[in-house]
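Observations on chain architecture
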Amino acid sequence: MEVSTLKKMIDDLCLHEDVHVGKTSLIIDGNALYYFLYYTSDPKLDQRCGGDYPGFKHKVCNFFKTLQDCEVNPYVILDGGSHTEKHEKNVSRLKYKLKKAKTIAETEPDGTLPEGYNVLPPLVKDVFIEILREKGIEFKVCLGEADPEVVSEANQKQCAVLSIDKDFYIFDVHKGFLNLHNFEWKKEEDGKIPAKIYTRSKFCQHFKLDPALMSVFASIAGNDYSRLEDNGAFAKESSSPGEYSIKRLDGMLGFLSKVNLDGLDDSQKRERALSEALNHVGKKENQTFKLAIKKYVKPEKTSSKLPPWVCEKVERGELTSFTTSVVDQKTILLTPLVEDFSQRSSYKAAYRIRQYFYGLLTGGEMCTEYDRDGEEIKDYRVPSILPSSDEQKQLKLQRLHKAPEGLRRRVFEQALQVQTSDLENIPDQLKLPVCVTVFWFKKLQHHSKPETVNCLHALLLWFVCEPDGPEDEFEKKMKALKDEGVSIWQPRVAHAFSQWQCCMRQSLHLNQLLCSPLPEPQCVRLYCGPLLHRLADEDTIKQLQKTLRGEKKELSKNLKTILNPTTTEEGPSSEEEC
């Protein structure tokens, strides 16, 4: 919900109760949780260098360990695709995220960012789902937005919802809403977590508001679907001592509480209240407000055109939920990254891989991407790529999971222009990352910059690193480098690594769609920005290479052997130039 001041109003009026959470079930809004844990970590997790996934895993594991210690049984529900009705709003948010990413890129490492200026690294959701699976935590990924299923599960299990989404102030969650900002899991004591719980009934009681009108309040106050432009009319009628935005909400609640609802059922109450609110500020009725109201009154689970086997994989977290946006809307929004804004978008590096991804999902239809062009968001029409005609029948989406593994592997090889037969001496965990690195380096070397080779060698050192293994001289030096942090941020280095992550994520998702012809890597081990940025230095690389011994030295040699041929490969087409 867009009413950013609603939480402040509720906190100021103490419209919640202090509770101690323990020995209970809890429905958790998964997207809200991973955003919250990444953005509020102390010390702060990296956002400028592409993310710190090992550090993020540590935070997530600590959170769920605390729940376990308090005998809290979590069920995590995550968002899938977004409603088409929110498309305009989502594009607007993309523009705001671009502004935030650019600000972070231009701010000195020890500088201060405006409040709320955060950018989520690209693989956080993949890492989060991997941790849930690894820890045996029950979860589900929705095909659409999670809100309807979160409310349904919470009311069915008779337990509270944990989130930061203000829509849960509006929904009728019987056992209440726990806002993550007031859920003090780090202060757990005697098997209980201090928290504040909100119930809609207490809110309505305070404002003398019929609960049936909460959805009307949300639709006119402002959410993802609608907002009533009232030119200050409601604020002027408020007696609240708060700032303008609070006066506006208070005035709306006061107005709605006075609407005559005698003899009406809930549906009629909503119609009359909406009509009177619109008339009060001289606005005409339209379907936008009614649609917004319906989202709260009858939240519907999203259906999809995806084949059942794809839906099942999405819901189990075994396939990216981007598939729903591609199949149902032929559209994908590419979230802005912290990169070198003097260069083209990092996503261009993975253009070819996305074309294959779209081809398998749509059968060759054109798709629309929203991506950065300089400092603006633009839409691009992207032609998808289909495998050769004699293979197309076996690779139709409905039966793709039944296609021979060799065929699925060949499609992956075609997309990344690699030969997986070269990977015999490479551990399973590294097979896919090595393919990605070959593809990425092939693209970058034709527009070579001095930092490119250093970034390549930094990745190779990271690949042979074993943070959880025996601590030899190499591992000690790697740990020391990470602990020192990054004092000088290099835009070109950041851009090269950002391009690698774009290639990595898209290859990961293509491999999932092809039912894993290559072994799935451990996502948390794919990237650690602060360390890789420190490694992308010629002298540091030479010093560390001298400390490689035994199996690590042999693996490093094998990796270099595979990557050497890329210097003679043909360059990218004009559409793919990085």
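Note that the structure is predicted; figures quoted are calculated from it, not measured. (Residues numbered from 1 in each chain as written. Predicted model: local features only at pLDDT ≥ 70, side-chain atom pairs only at ≥ 80, totals over all residues. Heavy atoms only, no water.)

**Observations regarding the overall build of the chain**
The number of helices and strands found in the chain is 23 helices and ten strands. In summary, the chain has a C-alpha radius of gyration of 26 Å against a globular reference of 25 Å for 578 residues, a match within 12%. Taken along its principal axes, the extent of the C-alpha atoms in the chain is 80 × 55 × 45 Å. Across the 578 residues of the chain, 57% fall into the buried class. In the chain, once contacts between residues fewer than 6 apart in sequence are set aside, the share between residues at least 24 apart is 73%. Accessible surface for the chain amounts to roughly 25,600 Å². Of this, 45% is attributable to carbon and sulfur atoms. Put simply, the chain has 82 plus and 87 minus side-chain charges, and the middle of one group is 1 Å from the middle of the other. (Helix = DSSP H or I, 4+ residues; strand = E, 2+ residues; numbered from the N terminus. Rg over C-alpha atoms; globule rule 2.2 N^0.38 Å. Buried < 20%, exposed > 50% of the residue type's maximum accessible area, 1.4 Å probe, protein only. Contact = heavy atoms within 4.5 Å. Areas by Shrake-Rupley, 256 points an atom, 1.4 Å probe, with all protein chains shown as cover. Lys, Arg positive; Asp, Glu negative; His and termini not counted. Charge placed at Lys NZ, Arg CZ, Asp CG, Glu CD.)

**Here we look at the nonpolar core**
Counting 128 residues, the largest nonpolar core has Phe56, Phe63, Phe64, Phe128, Phe183, Leu416 and Trp440 as its most contacted members. Composition of this core by domain shows at least three residues from each of domain 1 (3-205) and domain 3 (308-563). Apart from the residues within four sequence positions on either side, Phe63 is in contact with Ile28, Leu33, Leu37, Leu162, Phe183 and Trp185. Ile27, Phe234, Val259 and Ile293 belong to the second-largest nonpolar core, a separate cluster that totals 51 residues. (Core = buried A, V, L, I, M, F, W, Y, C linked by side-chain atoms within 4.5 Å. Domains from an automatic or database assignment.)

**Points about the sheet that holds strand E9 (residues 367-373)**
Strands pair in a sheet through their backbones, by hydrogen bonds, and they do so in one of two ways: parallel or antiparallel. If you trace the three strands from one edge of the open sheet to the other, you get E8-E9-E10, paired in mixed fashion. Every other strand in the sheet has two partners, leaving strand E8 (331-333) and strand E10 (376-382) as the edge strands with one partner each. Neighbour to neighbour, the strand axes of the sheet diverge by 25° on average, direction disregarded. The pairing of E9 with E10 spans seven bridges and is classified as antiparallel. For Asp371, the partnering residue across the bridge sits in E10 and is Lys378. Helix H14 (residues 322-329) rests against E8 and E9 of the sheet, and its axis sits at about 140° to E8. (Pairing = 2+ DSSP bridges. Axes fitted to C-alpha atoms, helices over the stretch in contact; angles between N-to-C directions.)

**Thoughts on the sheet that holds strand E4 (residues 139-141)**
Strand order in the open sheet made by the seven strands is E1-E7-E6-E5-E2-E3-E4, with mixed pairing throughout. Every other strand in the sheet has two partners, leaving strand E1 (17-21) and E4 as the edge strands with one partner each. Geometrically, the sheet is characterised by an average inter-axis angle of 30° between neighbouring strands, direction not taken into account. In terms of strand pairing, strand E5 (residues 160-163) meets strand E6 (residues 177-179) through three bridges, oriented parallel. Paired with Ser163 across the strands is Asn179, a residue of E6.

**Description of the side chain of Thr107**
Turning to its location among the elements, Thr107 is positioned in the loop between helix H4 (87-106) and helix H5 (124-134). Excluding residues that lie within four positions of it along the chain, Thr107 makes contacts with Arg48, Thr112 and Leu113.

**Some details on helix H3 (residues 53-69)**
Between the first and last C-alpha of H3 there are 24 Å, a value that for 17 residues agrees with the 24 Å anticipated at 1.5 Å per step. Taken together, the buried positions of H3 are Tyr53, Gly55, Phe56, Lys57, Lys59, Val60, Cys61, Phe63, Phe64, Thr66 and Leu67. Its side-chain oxygen placed 2.9 Å from the backbone nitrogen of Gly55, Asp52 serves as the N-cap of H3. Just downstream of H3 lies Glu71, where phi reads positive at about 55°. (Expected span 1.5 Å × (residues − 1). Polar contact = N/O pair within 3.5 Å; in protein donor to acceptor, adjacent residues only side chain to side chain.)

**Quick look at the UniProt feature "domain: Asteroid" (unreviewed entry) in the chain**
Summarizing the sequence annotation, UniProt attributes the feature "domain: Asteroid" (unreviewed entry) to residues 129-362 in the numbering used throughout. From the first C-alpha to the last, residues 129-362 spans 26 Å; its make-up is 45% helix and 8% strand. (UniProt positions renumbered as here; feature names shortened; annotations may be inferred.)

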